[in-house]
Amino acid sequence: MHVQEWLEAVPAVSIYALVGLVIGLESLGIPLPGEIILVSSALLASQHGEIDPLILGTCATAGAVIGDSIGYAIGRKGGRPLLAWLGKKFPRHFSEGHVATAERSFEKWGMWAVFFGRFIALLRIFAGPLAGVLHMPYWKFFIANVLGGILWAGGTTAVIYYVGVVAESWLKRFSWLGLVAAVLIGLTSMLVLKRKARKMEGAAKTEAAVAPEAVAAAE
């Protein structure tokens, strides 16, 4: 069953709980489709009055912040052996290459990697545990975690909700051209943040590739 159709079949309270739980587990370090669930739920809220977007956004934000904090605690206690274990259990997401890329991003950008990592699926899964493994000061992690969680979870909920409301209204009054315009305008802010996050990740990869060549040249 399509995610949207499945969400329509369950009570509003269950949707709030589902969104908070899935996003919390994803932020904790378990590969789950948190963003898909959040977007589908926000779109559903724009079409059904019984789902409150404010409560939905609050649950999503709480799940993101709490999940990341638990992931940080687990990473701090488990250390690098934890990453090795995750690599065996989830090789697609926690491969050595992915871990190395995420670690370089953290070393280069620090708390900003946690903040912008919210907008990239891979870093969203890594942020909490890896920050703990690298012993990032908790106060820095907490600030980036809370601000990133509010902007990503709350912002995504608000944008998708209002896009859904506007799109439905425009679709009735105008044409598909109006729908396309509404979607493009509504998603612009989120895409800008995602682009910034990807640039950070790309810069980390480039720096890692250049470093060995510089060492070899020096020798």
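Residues numbered from 1 in each chain as written. Predicted model: local features only at pLDDT ≥ 70, side-chain atom pairs only at ≥ 80, totals over all residues. Heavy atoms only, no water.

Some points on the overall build of the protein
- The number of helices and strands found in the protein is nine helices and zero strands.
- Element order for the protein, N to C, with α for helix and β for strand: α-α-α-α-α-α-α-α-α.
- The contacts of the protein with a sequence gap of at least 6 include a subset with a gap of at least 24, amounting to 80%.
- Accessible surface for the protein amounts to roughly 11,500 Å². Of this, 69% is attributable to carbon and sulfur atoms. (Helix = DSSP H or I, 4+ residues; strand = E, 2+ residues; numbered from the N terminus. Contact = heavy atoms within 4.5 Å. Areas by Shrake-Rupley, 256 points an atom, 1.4 Å probe, with all protein chains shown as cover.)

Comments concerning the packing of aromatic side chains
- Applying the stated criterion across every chain yields a total of eight aromatic pairs.
- When the centroid spacing of 6.0 Å and the interplanar angle of 40° are considered together, the rings of Tyr138 and Phe141 count as tilted. Residue Tyr138 and its partner Phe141 are located together in helix α8 (residues 138-173), separated by three residues, close to a single helical turn.
- In textbook terms, an aromatic cluster arises when at least three aromatic residues are bridged by ring pairs, as seen for Tyr72, Tyr138, Phe141 and Phe142. (Phe/Tyr/Trp six-rings, centres within 6.5 Å; stacked < 30°, edge-to-face > 60°.)

Points about the confidence of the model for the protein
- Per-residue confidence for the protein gives a mean pLDDT of 76; residues scoring 70 or more make up 68%.
- Here residues 214-218 scores under 50 on pLDDT; set against residues more than four positions off or in separate chains, the count is zero contacts. (pLDDT = per-residue confidence, 0-100.)

A closer look at a nonpolar patch on the surface
- On the surface, Tyr138, Trp139, Phe142, Ile143 and Leu147 cluster together into a nonpolar patch covering about 510 Å² of accessible area.
- Tracing the backbone shows Leu147 in helix α8. (Patch = residues over 30% accessible without salt bridge, like charges linked within 9 Å, V, L, I, M, F, W, Y side chains within 5 Å. Salt bridge = Lys/Arg side-chain N within 4 Å of Asp/Glu carboxyl O.)

Overview of the packing of helix α2 (residues 12-28) against helix α3 (residues 34-47)
- Between α2 and α3, the shortest axis-to-axis distance is 9 Å and the interhelical angle comes to 155°. With respect to each other, α2 and α3 are oriented roughly antiparallel. The handedness of the crossing between α2 and α3 comes out as left-handed. Across the interface between the two elements, Ile15, Val19, Val22, Ile23 and Glu26 from α2 touch Gly34, Glu35, Ile37, Leu38, Ser41 and Leu44 from α3.
- The residue makeup of the contact of α2 with α3, split by class, is seven nonpolar, two polar and two charged. (Axes fitted to C-alpha atoms, helices over the stretch in contact; angles between N-to-C directions. Parallel < 35°, antiparallel > 145°, perpendicular 65-115°, else oblique. Left-handed = near helix turned anticlockwise from the far one by under 90°. Nonpolar A, V, L, I, M, F, W, Y, C, P; charged D, E, K, R; others polar.)

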